[in-house]
Every structure is written in structure tokens, then in C-alpha cells.
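Structural characterization, general
What follows is each chain in one-letter form.
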Amino acid sequence: MSVFFCRFAALLLILQASFVEADTQYQISITQPEHHLADIEMSFVADKSGPLQLKLPAWRSGKYQILDLASGVRLFQAFDSNNELLAVDKIEKSTWQLQVATPGQIKIKYQVYANELGQRTRHIDDSHAYINASAYLMYADETRHQPATVQLKVPQNWRSTSGMPRGANPHQFLAADYDVLADSPIETGIHQFFNFEADGRSYEVVIWGEGNYDPKQMVTDLQKIVAQAPSIWQGYPYQHYLFIIHATNGAKGATEHLNSTVIQRDRFTFGSREHYLQFLSTAAHELIHTWNVKAYRPAELVPYDYLQPNYSKLLWISEGSTSYFQDQLLLRAGLMTHAEFYKDLAKRLDKFDRLPGAQVQSVAQSSFDNWISLGGDHADNFSVNIYSEGYFVSWLLDHYLLNQSGLKANYRTLHQQLYQRFGKTTAFTAKDVQKIAEELTGKSLTSWWQQQVESPLELDSDTLLTAAGLQRTKEKEQLAWLGLTSSNQYGKDRVSKVERNSPSWQAGITVDDEIVAVNQLQLKSALTERLKDFKPGQIIELSLFREGRLEHKKVTLGTLPAKPSQIKPVMKPTPSQRKFHKAWLGVDIEPAKEKDDSGVKAK
């Protein structure tokens, strides 16, 4: 046995011993999984008489949005040490108040309905249970910082796992306090399990659900991803890490946690190269979060207020910077080619070029308003999101640091400093970020921050690309463009988005209009197909129903590139461009091809 595992085993024994008499004990009993029900018991000591409040979070970490998780709680009861019922009054949607007559042992019982998978909070069926404690287990302010034990009672053939250390049996887990418990999900059920080690850390991969994935290839590639962490940070915030993968129907997304992640994908979206790369990017994204937002996060999120929004103007660093780093990890790991990396960047730039909201909202404002952010038409026209906008602000700051430091520091350096300085205290502020940048460059970041973070950003992508020996080319062939998004059904196209200042916007077309004809001819196929019959600059008439009334709108068609833009290396990058590319991405620039994809010799 290695020295590492001897030490880890000794540490685990110490942890287990310290939790034998845990201050808060939970039991989750799943005896009717087909009905999505769990019976919860909670036991702790009340050290004084009087009112005592039990709370269930209204949101979970990683999802900056109120979810009202208490909606699934029923049959709440409280008992004293003599097993006598205590008076209970629900005083708020997520808070139950007890009247403790005599200090001593308190037992709480209630039932949870768990049939929500897509938000990654709680789900139980006859094959597994996903348990995010925020959606199952209550806490009291008086006991929030005390150790806790969770014991599961599950069907006999189920296996349980978590990023938390195990207790006295395979279905028991130990947490230092409620905050650790709420950020360490448990997966139990019938799964495929895999294990590996890397750089003195142990990793576990658990897969629930069938699909067109290759589990051995997934594990091999995850090993390559975790091996890239030292390219950004020195040290780890975990000893053991768990990848939970749900291959299912109707749920997609992922959530980061202190010692694990849960990744959800449609069961048949692993087969193609494009889809598999999306999975790997997501896995890299969530792993990065273990440092960025778990080991260090905006000060406004420390400690979490589980019942209220935790407003911060720095969520773009938590999410956007993570998005910025994710494919860089894949590139350095050899899991993504240069061409694939450039293609993703070009796609992001194409979207940014056509996003009216980028001219309206700053990334700081978007971060603060994320708790009330909406999708759809208005969001694109008047807002930005912390992921995509945060990606570009991170790129701009990376370029700034490289330029101002003479390639001695980059954005990875800044994040390593955040981890080094705040990995124990967790909380950092905007001033802390600016201070680190100023130390790395010797120049004040105040003006830059005001221009790019506190105001709608100004993105000169050509300058950023040229510095790294890259160029972006746009398609010359133009197609007719309406500037709306719609879906065809039953011979009509229902409009879901209209881009601000687009031809459709100027013509007065709006969301929920039902387009039924073009130039007085009934739609027989999707509007996008019909549009191929026209050229930019032509005037067409759209017939539509708006709230049941037939209307006709004249639209002058605009232009849209026939193909996405492309990013490629210049033919003869200079030595300075080569050095910049290496300092930026951590890999050498690839030689430019003599011919482009069309077979025409590049100039």
C-alpha cells in the first residue's frame, strides 16, 4: 500500500471516530422508489428551550435562482426526547418553527417527493436516487456548523456513493457541517462504477442509465482532463473526486460541487464527435469549478444564505472564466484539436456579433441580475449572460495580462493567485482581483475594469487573434435574413424570438405571431426553407395571426453569411506571435494549411 493511501486510511479512521457521536444525524429511507418518495428523519440536540426554526434551502449551490425546494415537503412532525409531539408552525415557505419545552434530543420526521431531475436537486425512481441535500435535508442555524451523519435505507441491490467520506457502512456518509453536506450530492442505485488515481488523488466515475456512450473511453478521457489541473493551479482542494453521469431522457446540464459533479445528457448524445466533445467540455467545466467558485468564490456568496438570493457582480468570473478555461484543458490534454478549438471560438464570436444585448448590459450587471434573469426574446435583445459574456471578458483580461506583463503572466496566473490567497478563506472581492492584476503587471486595472466589466464590453477580436498569429475570415456569400426564430407546426411558424433592429423587428413582428403565408402563398414547410427562395434586399409580405387577428407585414430582407466564420493560423506567424500563442493557450501554434477547406490555395 502506498504512503498516500496509508495516510488517507488513517485520516478516514480519525474522521469516522469523530463522527460517531455526530451532532446532527439524518436518515433517508427510500422504500417506495416507484412513487418518488423518501421519508426523512433528523435528530439533534436542542440546548435551550423556546422557539427553534428548521429550514430547507430555497435554492441550491451552482444554480443562482430561487427554486423553492420546500414544495415537496409533507407530513412534517417534531418530537422531544420523550417522543412527545412538539407544537409546529410553518412561518415561511421554507421554515418550520418548533416550540421546545425542555432542552434535549429533538427528532424531526417528514416526507419528500422527489421527481425532479433536470434541476439536479432530487430524483427517485425504481433504479436510483439522486440526493442533493439542499432539496432533502433541513438545518437549524444553531446546528448548521456542527458535524453531520447521513444514513441511507435503500433497496437491497443498490449501491451508494458520494464525494463525502463513508461512515460505518456502505450507505452512510460523513460531513463536517451542513454546508459540506449541502454541496456533496449522493447517488444511490444501480450503476456502472469505475475508479482511477491521478497525482495522488482518487477518482470515481458512476454512470446511471443506458446510452450510446463508451464508458472505458469516457474514463480514459476524464483521466486526461484531471491531469491538466496543474496547468492552472498548484494544489488541490479535494482528496477524492466523484463524477456522476446521468444518461437519460429529457434532462441536460451539469452542476459543480465541493468534491464532485453531476453531468446530465440525453442518452444518445455521446456517439458523434461533436456531441462527445460537448460532454468532455462539460466535464472540464465542472472540474474547474472545484477551484473556481468552490475553493474561492465571490465574497457575497460567503457564507451562503440558503433562503435568499446571494447577489454578486462577480458571477461572470465564477461561470464565464470557467467556460473560458474548459476547452483549453481539452486542447492541452490532446482531446480537442486546434481546429476544433478555433471553431468553437469562431462560433462564439459569430453569436456575439449578432447579440443586441451586448450593447446594453455589462457583465457586472448580468452577474447581479442572474437571480432574476429570463431567457428568450427580451434576454437576447437587452441582456447578456454570465457564461458567454464572462468568457469574452476573461479573454480580454488574459490578453491584457499577457501584454502588460511581457508574457510573464496570464489569466491562469491570476486564478492560481486567487486559489493561493483565498483557497482557505474562500471569499474574494473585485478589489482583490484588480490588486492581483496590478501586482502581475505593475499597472492599475481600474480604467480597464470600468470599461470592460462595469460597462458593455468593447471586443476587438481581430486584435486579440492577430497577437496569437490567428485570423478570422467571414463568409462572403450572403443569404436572405429575417432576424427571427420560429418553429413550424401544423402549417404555421410560431415566432419565439425577434432580434432587435433586424428586418422583422423593423417590420413590427413580435413573439407569438403565427406566420401562415409568404407573399399570400400558404406555408407548406418551415419558414427557413421558404426563405431560400428569396435574396437579400427583396421585399416580402408575411401573413400572420396575432391573437387571432390576421395581419400582413412587409419585410425588407437583410443579409446573413451563408456559413460560419473561420479562425485559422496566419501563413507565416512571427516569432512574437508564436510566443504569444504558447503563453496564451499553453500549446504551440500549428502551421497553416496551404489550402483552405474549399481546396483554394490560401493567400
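Along each chain, residues carry numbers from 1 onward, in the same order as the chain's sequence is written. With the structure being a predicted model, the display of local features is reserved for residues of pLDDT at least 70 and the display and counting of side-chain atom pairs for 80 or more, all residues being used for whole-chain, interface and lining totals. With hydrogens and water stripped out, all remaining heavy atoms of the structure feed into the side-chain values.

1. Some details on the overall build of the chain
Secondary structure follows DSSP: runs of H or I at least 4 residues long count as helices, runs of E at least 2 residues long count as strands, and numbering of each begins at the N terminus. Scanning the chain for helices and strands turns up 16 helices and 31 strands. Computed over the C-alpha atoms, the radius of gyration of the chain is 27 Å, within 12% of the 25 Å expected from 2.2 N^0.38 for a compact globule of 603 residues. Overall, the C-alpha framework of the chain stretches about 85 × 65 × 45 Å when taken along its three principal axes. Each residue is placed in one exposure class: buried if its accessible area under a 1.4 Å probe, protein chains only, is under 20% of its type's maximum, exposed if it is over 50%, and partly exposed if it falls in between. Counting over 603 residues, the chain shows a buried share of 54%. Contact between two residues is taken to exist if any of their heavy atoms lie within 4.5 Å; hydrogens are not considered. Long-range contacts, defined here as pairs at least 24 residues apart, represent 68% of the contacts in the chain between residues at least 6 apart. Summing over all exposed atoms, the chain offers an accessible surface of approximately 27,300 Å²; the carbon and sulfur share of this is 50%. With 64 positive and 67 negative side-chain charges, the chain shows a separation of 6 Å between the mean positions of the two kinds. All radius of gyration figures rest on C-alpha atoms, and the globule criterion is 2.2 Å times the number of residues raised to 0.38. Accessible surface is estimated by sampling points in the Shrake-Rupley manner with a 1.4 Å probe; for residues, cover comes only from the protein chains shown. Counting rule for charge: Lys and Arg are taken as positive, Asp and Glu as negative, and neither His nor the chain ends is counted. Where a charge lies is defined by one atom per residue type: Lys uses NZ, Arg uses CZ, Asp uses CG and Glu uses CD.

2. Comments concerning the sheet that holds strand 10 (residues 128-131)
Taken together, five strands build an open sheet; the order of strands is 8-9-10-14-12 and the sheet is antiparallel. Only two strands of the sheet have a single neighbouring strand rather than two, namely strand 8 (115-116) and strand 12 (159-162). One ladder, built from three bridges, connects strand 9 (residues 122-124) with strand 10; its direction is antiparallel. When the sheet's bridge partners are listed, H123 is paired in strand 10 with Y130. Two strands pair if DSSP finds at least two bridges between them.

3. Observations regarding helix 9 (residues 388-404)
Between its terminal C-alpha atoms helix 9 stretches 25 Å, which fits the 24 Å expected from 17 residues at 1.5 Å a residue. One or two steps after helix 9, the chain reaches G406, where phi turns positive at roughly 65°. What a helix is expected to span follows from its residue count: subtract one and scale by 1.5 Å.

4. With respect to the pattern of salt bridges
For this analysis, a salt bridge means a side-chain nitrogen from Lys or Arg found within 4 Å of a carboxyl oxygen belonging to Asp or Glu. Applying the stated criterion across every chain, the model contains 24 salt bridges. Between E204 and R159 there is a salt bridge; the shortest N-O distance is 3.9 Å. Of this pair, E204 sits in strand 16 (residues 201-208) while R159 sits in strand 12, and the two are 45 residues apart along the sequence. Given the relative accessible area of 39%, R159 is considered partly exposed. One salt bridge in this structure joins D588 and K582, with 3.6 Å as the shortest N-O distance. It is possible to trace a salt-bridge network through shared partners that takes in D350, D353, R472 and K474.

5. Quick word on the environment of S383
For S383, the position within the fold is in the loop between helix 8 (377-382) and helix 9. The residues touching S383, leaving out its near neighbours within four places in the chain, are L355, G357, A358, Q361 and H378.

6. Things to note about the pairing of strand 13 (residues 172-175)
Two faces belong to every sheet, and in a regular strand the side chains alternate between them. Taking every second residue as pointing to the same face, both faces of strand 13 are buried, with Q172 and L174 on one and F173 and A175 on the other. One ladder, built from four bridges, connects strand 11 (residues 148-153) with strand 13; its direction is antiparallel. Within strand 13, the position partnered with A148 by the bridge is A175.

7. What about the packing of helix 6 (residues 338-353) against helix 16 (residues 575-585)?
Running from amino to carboxyl end, helix 6 crosses helix 16 at an angle of 80°, the nearest separation of the two axes being 15 Å. It follows that helix 6 is roughly perpendicular to helix 16 by the angle criterion. Of helix 16, the residues touching helix 6 (which contributes H338, F341, Y342 and L345) are H581, W584 and L585. Comment: axis = line fitted to C-alpha atoms, over the contacting stretch for helices; angle = value between 0 and 180 degrees taken between N-to-C directions. Note on angle classes: values under 35 degrees are labelled roughly parallel, values over 145 roughly antiparallel, values of 65 to 115 roughly perpendicular, and the remainder oblique.

8. A few points about the side chain of D80
Locating D80 in the fold gives a position in the loop between strand 4 (73-79) and strand 5 (88-92). K107 is the oppositely charged side chain nearest to the buried, salt-bridge-free D80, at an N-O distance of 10 Å. Engagement of the side chain of D80 in a polar contact is seen with the backbone nitrogen of N82, the distance being 2.9 Å. N or O atoms closer than or at 3.5 Å make up a polar contact, with two conditions inside protein: a donor-capable atom paired with an acceptor-capable one, and, for residues adjacent in sequence, both atoms drawn from side chains. Within polar-contact distance, the side chain of D80 engages the backbone nitrogen of E84 at 2.8 Å. Sequence-distant contacts of D80, defined by excluding residues within four places in its chain, comprise L86, Q105 and I106.

9. Structural notes on the confidence of the model for the chain
Every residue is assigned a pLDDT by the predictor, reflecting its confidence on a scale from 0 to 100. Scored by pLDDT, the chain comes out at a mean of 93, with 95% of its residues at no less than 70. Confidence drops under a pLDDT of 50 for residues 1-20, and excluding neighbours within four residues, the segment shows 19 contacts in the predicted structure. Contacts of residues 597-603 to residues separated by more than four positions or lying in other chains number 11 contacts, the stretch itself having pLDDT below 50.

10. A look at the environment of D493
Tracing the sequence through the fold places D493 in strand 25 (residues 492-498). Relative accessible area serves as the criterion here: at 2%, D493 is assigned to the buried category. Remark: the alpha-carbon pair of D493 and V516, spanning 23 residues in sequence, is separated by 6.6 Å. With near-sequence residues (within four places) excluded, D493 lies in contact with S486, S487, N488, D513, E514, I515, L523, S525, A526 and L527. Within the structure, the side chain of D493 is placed 2.6 Å from the side chain of N488, a separation counted as a polar contact.

11. Quick word on the sheet that holds strand 4
Across the sheet, six strands lie side by side as 4-7-2-1-11-13; this open sheet has mixed pairing. A single partner strand is all that each edge strand has here, and the edge strands are strand 4 and strand 13. Mean inter-strand twist for the sheet, computed between neighbouring axes without regard to direction, equals 15°. As defined by bridge partners, strand 2 (residues 37-46) adjoins strand 7 (residues 104-113) across 10 bridges and the pair is classed as antiparallel.

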